[in-house]
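Letter by letter, the chains look like this.
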Amino acid sequence: MRYICLVHFDVQATIAAMSPAEQRQLDIDSLAYDEELKANGNLVVAEALQPPENVVLVRVRNGAMSATDGPFIETKEQLAGFVLIEARDLNDAVRIAAGIPLAKYGTIEVRAMYEIPQHEQPAG
Amino acid sequence: MDQGCIETVWRQESRRVLATLIRLLGDFDRAEEALNDAFLAATERWPQDGVPANPRAWLVSAGRFRAIDRMRRRSRFARIAGTLAVIEEGEMATTAEPIADDQLRLIFVCCHPELPPDAQVALTLRETCGLLTEEIAAAYLARPATIAQRIVRAKARIRDLALPYEVPEPKQMLQRLDAVLRTIYLIFNEGYAASHGETAVRVDLCAEAIRLARLLRGLLREPQSELEGLLALMLLNHARRNARTDPAGDIVLIADQDRSLWDRAAIAEGAHLAEAALRMRPLAGYAIEAAIAAAHATAPTAEATDWARIVGLYDLLAQADTSPVIALNRAVALAMRDGPEAGLGEIDALLAAGPLTGFRYAHAARADLLRRLGRRDAAREAYVAALELTQQGPERRFLERRLRALGSPPP
């Protein structure tokens, strides 16, 4: 089954407070874990995200598009990346999430994929 | 050699390999990781090299090797280096006896009395039976996140309390086995009663519980009357599964069940086990319950049921277990042997004593006896009292049918 591990953490309180050597090690560990998951057949895709300052929020209402800036939710812990994984079950996914190096600094939200049901098109 | 073959090996061997890897690696999560590694290695190697003669030993060895390799890569921490040394020195036994013991170790640690009962159930179903977290959640109509947390916490507790991964000493065996059997019976009863809501597609918890009991029986060196009795009891009850409800999902009482739908082979096996268990000493409660179930299941017709024997067995059971539920069952059997009036007196006394007043089956049993005595108004009141305590759909419909038969619509 597929699960997404959404990585949330407080950039100000963690990364900014780290020494360059610590930051470098975190990068190395994060990439190494992606490689490990890939080798184990658990990895679908892993990406880190730019900081939320560069976020644009897009909405379409009554046919009109609006674009605003700023993070979607103002919290200290922001979405910083995600790892889409293939795991046996939820506990297996939790185990994999616990190995993500950033789990030591932030919070990993583990969610199962939802399959959108295919509906028949109404006739005519 | 295809993916199907590896799937088959997974089903047959993954729990055994996991049980051994937990012992070798000293940790559930590390073992699960190693188990995945081992099967990944199998999918890479077996198509070229063929399936090894002893796939289990191959998988244990591959899992252990990869775990050590993985830990070496992570061994920047001295703490892990120490563990690593222990694991590398650990014995690499893959012969039959230690493997059987590893499975026993796994069952005993999953059902450790230091873990809450619901955690024991979830852990046993996942680690020993190999059910997925999502399947356990569906079977218990719980959210997967709830079950996942339960399992994570149970594993953390095992680690924090350093619960030993071992088969209990003979001195403690009976007590520890008792906890395991209680967990197995909890799993069975959940499947049997499907206690919440309508029956839907659920993992067959009854079959899982029976499988577990059989596994345990094969692993223990000495036969245990509790286990023989419990297996017999579950087989005998499960043998009637196809007759317990009608096609609409409504309850059919044992007296009205189509006995040709009963699983004769399971009844024969259950009755045989029950008889043997009843002769073993010390006599186990499950053995007596199994003998009662056997008396029902081996009667050719409802009328031919040996109620005198059943009352006698309940008398025996009541000596060992003073639970009011047993006294209630005895009263129902007594009503069959000596007439409704005799049973009613017993049930009224039990209800007056207090602890059964919130128990729906006490009111339903009382209602049935009153109905048979022709005391329609009192019967109606008792059915209404039972209905008020009943959540489950098929049970509610049964009581409503009885009320309608008495000429009064359900409230």
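A brief report on the enclosed structure follows. (Residues numbered from 1 in each chain as written. Chains lettered and ligands numbered in written order. Predicted model: local features only at pLDDT ≥ 70, side-chain atom pairs only at ≥ 80, totals over all residues. Heavy atoms only, no water.)

Focus on the interface of chain B and chain A
Taken together, the contacts link 24 residues of chain B with 15 residues of chain A. Between chain B and chain A, a total of about 1,500 Å² is buried, with carbon and sulfur atoms accounting for 43% of that surface. Ionic pairing is found between Glu36 of chain A and Arg70 of chain B, a salt bridge with its closest N-O pair at 2.2 Å. The interface formed by chain B and chain A includes 8 residue pairs in polar contact (both at pLDDT 80 or more). Those elements giving two or more residues to the side of chain B that touches chain A turn out to be α1 (3-25), α2 (28-49), α3 (55-74), α7 (133-139) and α8 (144-160) of chain B. Across the side of chain B that touches chain A, the residue classes break down as 10 nonpolar, 3 polar and 11 charged. (Contact = heavy atoms within 4.5 Å. Buried area = accessible area lost by both parts, 1.4 Å probe. Salt bridge = Lys/Arg side-chain N within 4 Å of Asp/Glu carboxyl O. Polar contact = N/O pair within 3.5 Å; in protein donor to acceptor, adjacent residues only side chain to side chain. Helix = DSSP H or I, 4+ residues; strand = E, 2+ residues; numbered from the N terminus. Nonpolar A, V, L, I, M, F, W, Y, C, P; charged D, E, K, R; others polar.)

A few points about the pairing of strand β4 (residues 64-69) of chain A
Residue and element names in this part refer to chain A. Bridge count between strand β3 (residues 56-61) and β4: 6 bridges; the pairing is antiparallel. Residue Arg59 lies in a different strand from β4, and its bridge partner there is Ser66. The antiparallel hairpin formed by β3 and β4 contains 2 residues in its connecting segment, where Asn62 sits at a positive phi of about 50°. (Pairing = 2+ DSSP bridges.)

Notes on the sheet that holds strand β1 (residues 2-9) of chain A
Residues and elements named next belong to chain A. Pairing is antiparallel in the open sheet, where 4 strands are placed in the order β2-β5-β1-β6. A strand with exactly one partner marks an edge of an open sheet, and here the two such strands are β2 (43-48) and β6 (107-112). Pairs of neighbouring strands in the sheet enclose a mean axial angle of 20°, with direction left out of account. Where β1 meets strand β5 (residues 78-86), 8 bridges bridge the pair, whose relative direction is antiparallel. Across the sheet, the residue bridging to His8 is Leu79, located in β5. This element, helix α1 (residues 20-39), spans β2 and β5 of the sheet and lies at about 165° to β2. The strands that helix α2 (residues 90-98) touches are β1, β5 and β6; relative to β6, the one it contacts most, it runs at about 155°. (Axes fitted to C-alpha atoms, helices over the stretch in contact; angles between N-to-C directions.)

Quick look at unusual backbone geometry
Residue Arg281 of chain B is joined to Pro282 of chain B through a cis peptide bond whose omega torsion reads 0°. In this structure, Asn62 of chain A takes a positive phi of about 50° despite not being glycine. Within the fold, Asn62 of chain A resides in the loop between β3 and β4. Asn62 of chain A gets classed as exposed once you look at its relative accessible area, which sits at 85%. (Buried < 20%, exposed > 50% of the residue type's maximum accessible area, 1.4 Å probe, protein only.)

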